[in-house]
Amino acid sequence: MTREEFTIEGALGTPLFLPWVERHAARLGVGMRLRDSAPERLAVEFEGAPALLDAMEMGCLLGPIDAWVESIVRKRVSAT
């Protein structure tokens, strides 16, 4: 299992984008914890197999029709 923080930036419309991210993570079986949210920025910690985290990134990039993702920065989080 790998844990990474994704910092997602763009025209997210966070109240709509965040529930979509939660549903997508649940479908993939990826653990999720919200770190920070703002209208144009979302920081989320995901935990899962590396291939599933890659799928999560791709899903966020394609996202719901009412969101526009400009960038996703991934940072590995060490186990504590």
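Placed above this text is the structure.
The numbers attached to residues start from 1 for each chain and follow its sequence in the written order. Per-residue local features are limited, in this predicted model, to residues with pLDDT of at least 70; the limit for side-chain atom pairs, both in listing and counting, is 80 or more; totals at the level of whole chains, interfaces and linings are taken over all residues. Only hydrogens and water are set aside; all other atoms, that is, all heavy atoms of the structure, feed into the side-chain values.

**Structural notes on the pattern of salt bridges**
Part 1 of the reasoning: Salt-bridge detection follows one rule: a side-chain nitrogen of Lys or Arg within 4 Å of a carboxyl oxygen of Asp or Glu. Summed over all chains, the structure comprises 9 salt bridges.
Part 2 of the reasoning: Of the charged contacts in the structure, one is a salt bridge between Arg 41 and Glu 9, with a shortest N-O distance of 4.0 Å. Of the two residues, Arg 41 is situated in strand S3 (residues 41-48) and Glu 9 in strand S1 (residues 2-11); the sequence distance between them amounts to 32 residues.
Part 3 of the reasoning: Buried means the residue's accessible area, taken with a 1.4 Å probe over protein chains only, is under 20% of the maximum for its type, while exposed means over 50%, and partly exposed covers the values in between. We classify Arg 41 as partly exposed; its relative accessible area is 29%. Runs of E in the DSSP output that reach at least two residues are strands. Runs of H or I that reach at least four are helices, and both are numbered from the N terminus.

**Focus: the pairing of S3**
Part 1 of the reasoning: In terms of residue burial, S3 counts as a mostly covered element, since 6 of its 8 residues are buried.
Part 2 of the reasoning: Two strands make a pair as long as DSSP finds a minimum of two bridges between them. Pairing of S1 with S3, which is carried by 8 bridges, proceeds in the antiparallel orientation. What sits directly across from Phe 6, in S3, is Val 44.
Part 3 of the reasoning: In the sheet, strand S2 (residues 31-38) pairs with S3 via 7 bridges, with the strands oriented antiparallel. Directly across from Met 32, in S3, lies its bridge partner Phe 46.

**Let's talk about the packing of aromatic side chains**
Part 1 of the reasoning: For this analysis, a ring pair means two rings from Phe, Tyr or Trp (six-membered ring only for Trp) whose centres lie within 6.5 Å, classed as stacked if their planes differ by under 30 degrees, edge-to-face if by over 60, and tilted for the remaining angles. The tally for this structure, following the rule as stated, stands at 2 aromatic pairs.
Part 2 of the reasoning: On the numbers, 6.2 Å between centres and 15° between planes, the contact of Phe 17 with Trp 20 is stacked. Here Phe 17 pairs with Trp 20, and both are found in helix H1 (residues 14-28), just 3 residues apart, close to one helical turn.
Part 3 of the reasoning: You can call Phe 17 buried: its relative accessible area is 1%.
Part 4 of the reasoning: Owing to a relative accessible area of 17%, Trp 20 belongs among the buried residues under this scheme.

So, to be careful, I would describe these as geometric facts and stop short of saying anything about function.
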